[in-house]
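Analysis of the macromolecular model
Each chain is listed here by its residues.
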Amino acid sequence: QSYEQEHLYSPRDLALFSTIAAQTAVAIANARLYQEIVHLSSELEKMVEVRTQDLETALGELTEQRDQAQTLYRITSELGTSLDLERVLERALLLFADALKVEHGTIMLLDQETGDLILRATIDPGRQLPREGERTLLKRGVGLAGWVLNHRQPALVADVTEDDRWLTSPGQQKFRSVVCVPL
């Protein structure tokens, strides 16, 4: 543009300006395409990251399920080899403790005649139970084990000091959390 001269530009100038304009338009289109590619690439990276995290979570869950299935298989395989109740109970308790990484555990069975729960197996170093087990103060509906027996439902207690079903007796070890399941 010129404010002072007429016919300043020739057809050759027009062709040159048209070529420059066309090249500029191509450069602008390329810049926009590049920005779009960068944006799409960034979105794709985010999607890949989310999917990778999902896959890692799924792999962790599958690994945990596989480990649980292997533990159950091992328990059922080992327990099916013996008909001796005492051996089966002791071995089951050790396998459960190993699978769950617990420090202490017991198995109690119901005495059908009295309704008492009889301690039949324990993970307690140095404690030897008599072959017929050891009578407890727990009965159907009494204590957490009695509640589980009554309701035929497992119980997970994060803090036994806050659960009314938990009973303590003199000389009993102090426990904090408990899992109790019916057999």
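First, a word on what this report is: a plain description of the structure on this page. In this text the structure is predicted, and so the values were computed from the model without any measurement. (Residues numbered from 1 in each chain as written. Predicted model: local features only at pLDDT ≥ 70, side-chain atom pairs only at ≥ 80, totals over all residues. Heavy atoms only, no water.)

Take the layout of surface pockets next. When its volume is computed, the second largest pocket comes out at roughly 180 Å³. Lining the second largest pocket are 14 residues, and of these Glu 90, Ala 121, Thr 122, Arg 127 and Leu 129 lie nearest its centre. Secondary structure elements with two or more residues in the lining of the second largest pocket: helix H2 (85-100) and strand E2 (116-122). Per element, the largest residue contribution to the lining of the second largest pocket is four residues, and it comes from H2. (1 Å grid on protein atoms, 1.4 Å probe; cavity = no way out; pocket = protein on both sides within 12 Å on 5 of 7 lines; lining within 4 Å. Points joined across faces, edges and corners; volume = space filled by probe spheres on them. Helix = DSSP H or I, 4+ residues; strand = E, 2+ residues; numbered from the N terminus.)

Take the sheet that holds strand E1 (residues 106-110) next. Taken in spatial order, the three strands make up an open sheet running E1-E2-E3, and their pairing is antiparallel. Of all the strands in the sheet, just E1 and strand E3 (134-139) have a single pairing partner and so form its edges. Taking the axes of each pair of neighbouring strands and ignoring which way they run, one obtains an average angle of 40 degrees across the sheet. (Pairing = 2+ DSSP bridges. Axes fitted to C-alpha atoms, helices over the stretch in contact; angles between N-to-C directions.)

Bringing unusual backbone geometry into the picture now. Negative phi values dominate among residues other than glycine, just as trans dominates among peptide bonds. For Arg 152, which is not a glycine, the phi torsion comes out positive at approximately 55 degrees. The residue Arg 152 is located in the loop between helix H3 (143-151) and strand E4 (155-157) in this model.

By the bridge criterion, five bridges tie E1 to E2 in an arrangement that is antiparallel. Each residue of the ladder has a partner; that of Leu 109, found in E2, is Ile 118. Turn length for the E1-E2 hairpin, with the two strands adjacent in sequence and antiparallel, is five residues, and the turn residue Gly 115 shows positive phi of about 80 degrees.

In this section: the packing of helix H1 (residues 11-79) against H2. Remark: H1 packs on H2, axes separated minimally by 10 Å, with the N-to-C direction vectors making an angle of 165 degrees. Classified by the interaxial angle, the pair formed by H1 and H2 is roughly antiparallel. You can see that H1 and H2 cross each other, and the crossing is right-handed. Together, Thr 71, Arg 74, Ile 75, Glu 78 and Leu 79 of H1 and Val 88, Arg 91, Ala 92, Leu 95, Phe 96, Asp 98 and Ala 99 of H2 make up the contact between the two elements. Within the contact of H1 with H2, the residues separate by chemical class into seven nonpolar, one polar and four charged. (Parallel < 35°, antiparallel > 145°, perpendicular 65-115°, else oblique. Left-handed = near helix turned anticlockwise from the far one by under 90°. Contact = heavy atoms within 4.5 Å. Nonpolar A, V, L, I, M, F, W, Y, C, P; charged D, E, K, R; others polar.)

Keep in mind these numbers describe shape, not what the thing actually does.
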